[in-house]
Amino acid sequence: TYNEKVYTVVGLDADALINSKKLLTLSLPATVTSIGNGAFTLCNALQSITVDAANPTLLSYDGLLYYRNPFTIAVVPRGKTGALELPDGLVEIPSGKFQKSSIESVIIPNSVTTIKDGAFSECKLLVDITIGNRVHTIERSAFMNDTAIQVVQLQASVRTIGASAFL
């Protein structure tokens, strides 16, 4: 509501919330169906995003934002901490989605086949990685500069590990 007029928000444009340093959580209504590239750039304190269950396009799981169709990761809040188990049904982890996130461990489900380039790069707190049994490709720099890694549980399904994937 602004000046006594009610508006319906249907999307967040590119850079919509850029540099919102104090934004910790965000709840999106069912009407928000699009998220522009970089909508949450430099929102380093953002820990969790939730979405109204009636939203036809977006859903949230464990604080992350996903597109329903195709089922893909839309936004990983930069301030998300602790352990993270990604939901079954994801096919790939997109390039740079977790870059510089504050997660400490991740379980990648069996539905994932590819971890794209730079997907988890520069996650300085990431210690433990469990990779599902259908991952066949870990692209270049996927876990580059993750200096705290102590345990990586790979499966026999992994056929290709790109250059500097764990450098």
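Bear in mind that the values here come from a model prediction, so they are computed numbers and not experimental data.

1. Topic: the sheet that holds strand β10 (residues 102-108)
Here's step 1: The parallel open sheet is built from 4 strands, whose spatial order is β8-β10-β12-β14. Each of the sheet's edge strands pairs with one partner strand only, and the pair in question is β8 (81-85) and β14 (151-153). Sheet twist, expressed as the average angle between the axes of neighbouring strands with direction ignored, equals 10°.
Here's step 2: Pairing between β8 and β10: 5 bridges, direction parallel. Bridging from a neighbouring strand, L84 pairs with V106 of β10.

2. Observations concerning the side chain of N55
Here's step 1: Mapped onto the elements, N55 comes out in the loop between β4 (48-51) and β5 (58-61).
Here's step 2: Among all residues touching N55, those that are not within four sequence positions of it are P29, A30, V32, T33 and R68.

3. What to know about the pairing of strand β6 (residues 64-67)
Here's step 1: In this structure, β5 lies alongside β6, joined through 4 bridges in antiparallel fashion. Along β6, the bridge assignment pairs L58 with Y67.
Here's step 2: Taking the residues that link successive antiparallel strands as the turn, the β5-β6 hairpin has 2 residues, and the phi of D62 there is positive, at about 55°.
Here's step 3: Sheet topology places β6 next to strand β7 (residues 72-75); 3 bridges connect them, and they run antiparallel. Bridge pairing in β7 places L65 opposite V75.

What counts and what doesn't
Residues numbered from 1 in each chain as written. Predicted model: local features only at pLDDT ≥ 70, side-chain atom pairs only at ≥ 80, totals over all residues. Heavy atoms only, no water. Pairing = 2+ DSSP bridges. Helix = DSSP H or I, 4+ residues; strand = E, 2+ residues; numbered from the N terminus. Axes fitted to C-alpha atoms, helices over the stretch in contact; angles between N-to-C directions. Contact = heavy atoms within 4.5 Å.

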